Amino acid sequence: MASIPLSVSLDDEQGELVIVDQTLLPGEVRFLRLRTVEQVWEAIRSLRVRGAPAIGIAAAFGVYLAVRHSEAVTAEDIAQTASAAAVRLASARPTAVNLFWALRRMEQRLAAACVLGCSRDEMLAALRDEAQAIRDEDAAMCRSIGEHALSLLQPGWGILTHCNAGALATAEFGTALAPIYLGQERGYGFHVFADETRPLLQGARLTAWELMQAGVDVTLICDNMAATVMKRGWIQAVLVGCDRVAAYGDVANKIGTLGVAVLARRFGIPFYVCAPSSTIDLECPSGDSIVIEERDGREITSLWYARPMAPEGVGVFNPAFDVTDAELITAIITEKGIARPPFGESLRRLMQA
Ligand code: MRU
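My aim in this report is to walk through the structure given alongside it, one point at a time. (Residues numbered from 1 in each chain as written. Predicted model: local features only at pLDDT ≥ 70, side-chain atom pairs only at ≥ 80, totals over all residues. Heavy atoms only, no water.)

### Concerning the overall build of the chain
Cut-off, in case you're wondering: Numbering of helices and strands runs from the N terminus, with a helix taken as a DSSP run of H or I at least four residues long and a strand as a DSSP run of E at least two residues long. Just to be clear, the radius of gyration here is over C-alpha atoms, and the globule rule we use is 2.2 Å times residues to the power 0.38. Buried, partly exposed and exposed residues are distinguished by accessible area as a fraction of the type maximum, computed with a 1.4 Å probe on protein chains only: under 20%, between the cut-offs, and over 50%, respectively. Contacts between residues were defined by any pair of non-hydrogen atoms, one from each residue, lying within 4.5 Å. For the charge count, each Lys or Arg is scored as positive and each Asp or Glu as negative, with His and the chain ends excluded. Note that the charge is assigned to NZ on lysines, CZ on arginines, CG on aspartates and CD on glutamates.
Across its full length, the chain holds 11 helices and 14 strands. Taken over C-alpha atoms, the radius of gyration comes to 20 Å for the chain, in line with the 20 Å a tight globule of 353 residues would show. Considered along the principal axes of its C-alpha atoms, the chain spans approximately 65 × 50 × 40 Å. Of all 353 residues assigned to the chain, the portion counted as buried reaches 55%. For the chain, long-range pairs separated by at least 24 residues make up 75% of all intrachain contacts whose partners lie at least 6 apart in sequence. When the 32 basic and 42 acidic side-chain charges of the chain are each reduced to a single mean position, those positions are 4 Å apart.

Listed below in structure tokens is the structure:
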């Protein structure tokens, strides 16, 4: 994936988190160097770094950097610094469970180091190693998801995807785009249709860009064209990522995913959700319990336009995610294998594996 920049990496020598600013893509590939918790928080909040796995990884490195750049020496002070950083970073976005999962891992690793009576240097090393492990494991999980997902696809298929669940949204490779990249390597000749994904255009700006960088055949459509390409018989499978999978298989993902799932059911097209185990939240009983982020209405009325495209003062509803009901999902593809309905059972079995 040499042609696609890493979304998140650590420059340990400088003590900086390096991210590619995704708000500037595809026009500009600019790397940002972040040192403070506030900088990492802002980057997550404003989607400079985005995608459920990538924000978890960024937050984990954020906790490490908070301790590294602090003057905390005693175990108590270090734990307090890390905890304050984790609380702040957890408030950046509410929906993707990977953020909370990664922060919990960091806290647990630090707690274990404290129990062992480690020095400041040892605790720092433990935090850095844990954040790096979260990153590296994500890359491995994505590859494995790609293999499992590819086993469900056939050469020459048309595949529709929504938002961006590619390399930019993860450590590397992506979740929903992982099988596309593997298929590309193996000569599958997929034709990908990327929903532009209103209002923040992750499909147009990011998915179309990264697939083109990799030489994949991609066609961009507006979100409201998905029904037309399905009706024409151009789509044989839908592949999407997700931000949280509830225990019985309801899935939160980028706003518009639910509509795509409804359409896929109407046209008899399999609807596959790709999810690393870090996105599966067995403590969350159903989609109703998932907090859905609401964002600034100006993302709809004016963000991409030279002048506002809605009357001033109009009320706006701008949920960033929706929940696709388990009954609309053909399979949830994880790094551990493929879960099929009923998901309550299959997800639990996979997570225990
Ligand atoms: O608001 P975003 O761009 O962070 O939303 C991202 C998505 O909805 C992705 O589909 C999801 O996080 C999966 S990324 C592998």
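### Examining the site of the ligand
This is how the line gets drawn: Near, as used in this document, describes a residue that has one of its heavy atoms within 4 Å of the molecule or strand being considered. Think of a polar contact as two N or O atoms within 3.5 Å of one another; within protein, one of them needs to be a possible hydrogen donor and the other a possible acceptor, and neighboring residues in sequence only count if both atoms come from side chains. Accessible surface area values rest on a Shrake-Rupley calculation with a 1.4 Å probe, where residue burial reflects the displayed protein chains alone. Cavity means a closed set of points on a 1 Å grid over the protein atoms alone, one where a 1.4 Å probe fits but cannot get out, pocket means an open set with protein on both sides within 12 Å along at least 5 of 7 lines, and lining means a residue has an atom within 4 Å of a point. Occupancy of a cavity or pocket is assigned to a molecule whenever over half of its atoms lie within 2 Å of that pocket's grid points. Nonpolar residues are Ala, Val, Leu, Ile, Met, Phe, Trp, Tyr, Cys and Pro. Charged residues are Asp, Glu, Lys and Arg, and all others, Gly as well, are polar. As annotated, the domain borders come from an automatic or database domain assignment.
Residues in close proximity to the ligand total 18 residues, the closest being Arg 50, Ala 52, Arg 93, Asn 253 and Lys 254. In this structure, Gly 51 approaches the ligand through a main-chain N or O atom, which is 3.1 Å from an oxygen atom. Asn 253 places a polar side-chain atom, nitrogen or oxygen, 2.6 Å from an oxygen atom of the ligand. Taking 420 Å² as the accessible area of the ligand by itself, protein coverage stands at 99%. A molecule is said to occupy a pocket when more than half its atoms come within 2 Å of that pocket's grid points, and by this definition the ligand occupies the largest cavity. Residues of the shell around the ligand, tallied by class, amount to 8 nonpolar, 6 polar and 4 charged. Inspection of the shell around the ligand shows a minimum of three residues originating in each of domain 1 (8-143) and domain 2 (152-352).

### Considering the pattern of salt bridges
Side-chain pairs of opposite charge can arise whenever the charged atoms involved come near each other. So the rule is basically this: We define a salt bridge as a contact between a side-chain nitrogen of Lys or Arg and a carboxyl oxygen of Asp or Glu at a distance within 4 Å.
Applying the stated rule across the entire model yields 23 salt bridges. Taking the shortest distance from any N to any O, the salt bridge between Arg 88 and Glu 38 comes out at 2.8 Å. Within this pair, whereas Arg 88 is found in helix 3 (residues 75-90), its partner Glu 38 is found in helix 1 (residues 37-45), the two being separated by 50 residues in sequence. When the shortest N-O distance is used, the salt bridge between Asp 136 and Arg 135 registers 3.1 Å. By relative accessible area, Asp 136 is classed as partly exposed at 38%. Under the relative-accessibility criterion, Arg 135 is labelled buried at 9%. Salt bridges linked by common partners bring Arg 45, Arg 93, Glu 293, Arg 295 and Glu 299 together as one network.

### Considerations on the sheet that holds strand 2 (residues 16-20)
Within a sheet, adjacent strands bond to each other through the backbone by hydrogen bonds, running parallel or antiparallel. Basically, it comes down to this: Each pair of strands is called paired provided DSSP finds at least two bridges between the two strands. Fitted lines through C-alpha atoms serve as axes, helices being fitted only where they are in contact, and the angles separating the N-to-C directions of these axes extend from 0 to 180 degrees.
Taken together, 3 strands build an open sheet; the order of strands is 1-2-3 and the sheet is antiparallel. Only two strands of the sheet have a single partner each, and these edge strands are strand 1 (8-11) and strand 3 (31-34). When the angles between neighbouring strand axes are averaged without regard to direction, this sheet yields 25 degrees. In terms of strand pairing, strand 2 meets strand 3 through 4 bridges, oriented antiparallel.

Everything listed is a geometric property; what it means functionally is a separate question.
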